[in-house]
Amino acid sequence: MQTPKLFEPLTIGSLRLANRIVIAPMCQYSATDGCMSDWHLIHLGQLALSGAALLTIEATAVVPEGRISYGDVGLWDDATEAAMAATLSAVRKWSDMPIAIQLAHAGRKASTDLPWQGGAQLPPEHVNGWQTVAPSAVPFGTSDRAPVALDRQAMIAVRDAFAAAARRAARLGIDAIQVHAAHGYLLHQFLSPLSNRREDEFGGCLENRMRFPLEVFDAVRDAFPADRPVSVRVSGTDWVEGGWDGEQTIAFAQALEARGCSVIHVSSGGLHPNQAIPVGPGYQVPLARAVKANVGIPVVAVGLITDYDQAEGIVGTGDADMIALGRTILYDPRWPWHAAAHLGATVSAPAQYLRSQPRRYRDLFATPSSG
């Protein structure tokens, strides 16, 4: 029987993926001063046993003021690196799943409360707040404090912080890096004309708006081992008239490819409160399809991918090379097992769980390689 496309292996540089299922980065808002906690061990540990091909650590701030909230994970000093190292050591003891990290800076969308406490932006004078920064002094929400526009010196410091975090990730043995240029965070803020009102060489035309995100990518790519992939997550559209759109996304993806980007992960939205998103199953897949038609590197599709046949169709028809799961795999951490059973494929499972294999799926579990 032919292996379903969703479960075919894929190699990107030194990264060998057992299938095409990627676990997307998902913020947990459970760190202390940027340091991972026991929650991260529980969260990442269970997902590392899921049978997916790649586990991506949540948006990890490269500087303290780049966190979305005071509960975000960071990788900016020895303490944050040591905390992450301890978590990764425990996870890797029981799983050989490759691990990636998303490096990020929230820009004007930083300094917020935890989502389950309302998620509102906290002012700089709040004990858990700080002054935000952005390409221009334009706030995200009408009630938000205006960010400080980054001058060139501050931009260089941000760029260098991304590179420093990439070097820390390399020391931690991270298998791949994803640069976060989506969801309305700092690099996306530079890309979109709705948030970038600069009149220097980093604002105005598309070439100028792409300049700083590309500079950051180059710094990360140079700081990370050449054989390990560096990908970029983009928002394919702002879903707002006059904002970032599919045509600009393709131009950005092509520029990234020319600079050695390994993978483009296509999401959408997050930049403007007036976004009108036509949410539905696979609603972002057409954005990924458009990018894939115009680049030669692998593309990841994400967004309300919940059904096994739906996922197989996305990869099987060539709309994308991989699919990423976020909320779907939080709800069902064994989704890859269930997809393999449904599609007639084989998936990795820890030795301790082999006896859970249903009798009707006698060939579901592969021989475990760890545990």
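These numbers were taken from a predicted model, which means no experiment stands behind them. (Residues numbered from 1 in each chain as written. Predicted model: local features only at pLDDT ≥ 70, side-chain atom pairs only at ≥ 80, totals over all residues. Heavy atoms only, no water.)

Caption draft 1: View of the overall build of the protein. Across its full length, the protein carries ten helices and twelve strands. Here the C-alpha radius of gyration of the protein, 20 Å, is about what a compact globule of 371 residues would show, namely 21 Å. Considering only C-alpha atoms, the protein reaches an extent of 65 × 40 × 40 Å along its principal axes. Looking at the protein residue by residue over its 371 residues, the buried ones come to 59%. Considering only contacts within the protein whose residues lie at least 6 apart along the sequence, 68% involve residues at least 24 apart. Charge centroids of the protein, computed over 30 positive and 36 negative side chains, lie 5 Å from each other. (Helix = DSSP H or I, 4+ residues; strand = E, 2+ residues; numbered from the N terminus. Rg over C-alpha atoms; globule rule 2.2 N^0.38 Å. Buried < 20%, exposed > 50% of the residue type's maximum accessible area, 1.4 Å probe, protein only. Contact = heavy atoms within 4.5 Å. Lys, Arg positive; Asp, Glu negative; His and termini not counted. Charge placed at Lys NZ, Arg CZ, Asp CG, Glu CD.)

Caption draft 2: Spotlight on the pattern of salt bridges. Summed over the entire model, instances satisfying the criterion amount to 13 salt bridges. Between Arg198 and Asp200 there is a salt bridge whose closest N-O contact spans 2.8 Å. The buried category is assigned to Arg198, whose relative accessible area is 12%. Linking Asp319 and Arg289 is a salt bridge whose minimum nitrogen-to-oxygen distance equals 2.8 Å. Of the two residues, Asp319 sits in the loop between helix 8 (308-316) and strand 12 (322-325) while Arg289 sits in helix 7 (residues 285-292), which places them 30 residues apart along the sequence. Exposure remark for Arg289: the relative accessible area of 39% places this residue in the partly exposed category. Through salt bridges that share partners, Asp78, Glu81, Arg168 and Arg171 make up one connected network. (Salt bridge = Lys/Arg side-chain N within 4 Å of Asp/Glu carboxyl O.)

Caption draft 3: Representation of the sheet that holds strand 5 (residues 99-104) within the structure. Read around the closed barrel, the eight strands follow the order 3-4-5-8-9-10-11-12; overall the barrel is parallel. When strand polarity is set aside, the average angle formed by the axes of neighbouring strands in this sheet is 30°. Docked against the sheet, helix 7 engages strand 10 (263-267) and strand 11 (299-302), running at close to 170° with respect to strand 11. (Pairing = 2+ DSSP bridges. Axes fitted to C-alpha atoms, helices over the stretch in contact; angles between N-to-C directions.)

Caption draft 4: Just the packing of aromatic side chains, in detail. Using the criterion set out here, one finds seven aromatic pairs in the structure. With a centroid separation of 6.2 Å and 85° between ring planes, the pair formed by Tyr29 and Trp116 is classed as edge-to-face. Of this pair, Tyr29 sits in the loop between strand 3 (21-23) and helix 1 (38-47) while Trp116 sits in the loop between strand 5 and strand 6 (133-134); the two residues are 87 residues apart in sequence, bridging distant segments of the chain. Among the residues examined, Tyr29 registers a relative accessible area of 18% and is labelled buried. Looking at Trp116, the relative accessible area reads 57%, which means it is exposed. Each residue in the set Phe190, Phe202 and Phe212 is aromatic and connected to the rest through ring pairs, giving one cluster. One residue, Lys109, lies across the ring of Tyr185, its end atom 4.8 Å from the ring centre. (Phe/Tyr/Trp six-rings, centres within 6.5 Å; stacked < 30°, edge-to-face > 60°. Lys NZ or Arg CZ within 6 Å of the ring centre and 35° of its normal.)

Caption draft 5: Main features of the packing of helix 1 against helix 2 (residues 78-94). Two numbers describe how helix 1 lies on helix 2: the axes approach to 10 Å, and their chain directions differ by 35°. Taken as a pair, helix 1 and helix 2 cross one another with a handedness that is right-handed. Contact with helix 1, carried on its side by His40, Leu41, Leu44 and Gly45, involves Thr87, Ala90 and Val91 of helix 2 and no other residues of that element. A breakdown of the residues in the contact of helix 1 with helix 2 according to their chemical character gives four nonpolar, three polar and no charged. (Left-handed = near helix turned anticlockwise from the far one by under 90°. Nonpolar A, V, L, I, M, F, W, Y, C, P; charged D, E, K, R; others polar.)

Caption draft 6: Spatial organisation of the nonpolar core. Residues Leu6, Ile177, Phe252 and Ile323 are the most contacted members of the largest nonpolar core, which totals 93 residues. In terms of residue count, the dominant contributor to this core is helix 3 (residues 152-171) (nine residues). Excluding residues that lie within four positions of it along the chain, Ile323 makes contacts with Leu6, Arg20, Ile21, Val22, Val300, Ala301, Ile305, Ala311, Ile314, Val315 and Trp335. Core analysis: the second largest hydrophobic core is formed by 15 residues, Ile12, Ala176, Val302 and Ala324 among them. (Core = buried A, V, L, I, M, F, W, Y, C linked by side-chain atoms within 4.5 Å.)

Caption draft 7: Up close: the side chain of Arg221. Relative to the assigned elements, Arg221 resides in helix 5 (residues 206-223). Buried within the structure, Arg221 lacks any salt-bridge partner; Asp222 is the closest side chain of opposite charge, at an N-O distance of 6.2 Å. Polar contacts involving the side chain of Arg221 include one to the main-chain carbonyl oxygen of Arg228, which spans 2.9 Å. When neighbours within four sequence positions are excluded, Arg221 is seen to be in contact with Ala226, Arg228, Pro229, Val230, Arg259, Gly260 and Ser262. (Polar contact = N/O pair within 3.5 Å; in protein donor to acceptor, adjacent residues only side chain to side chain.)

Caption draft 8: Expanded view of the pairing of strand 4 (residues 54-61). Burial runs high along strand 4: eight of the eight residues are buried. Two strands pair when backbone bridges link them, and strand 3 and strand 4 are joined in this way by two bridges, in the parallel orientation. Following the sheet pairing, Ile23 is matched in strand 4 by Leu55. Summarising the sheet, strand 4 and strand 5 pair through six bridges and their orientation is parallel. For Ile57, the partnering residue across the bridge sits in strand 5 and is Ile101. Following the backbone out of strand 4, through helix 2 and into the adjacent parallel strand 5, one traces a crossover that is right-handed. (Right-handed = clockwise from strand over helix to strand, strands pointing away.)

Caption draft 9: Focus on helix 5. Over its 18 residues, helix 5 runs 26 Å from end to end, which matches the ideal 26 Å to within 8%, given 1.5 Å per residue. Of all the bends found along helix 5, the most pronounced is centred on Phe212 and spans about 35°, while Pro213, a proline, follows it within four residues. Of all the 18 residues making up helix 5, 13 are buried; the element is thus mostly covered by neighbouring parts of the structure. (Expected span 1.5 Å × (residues − 1). Bend = angle between axes of the 7 residues up to and from the residue.)

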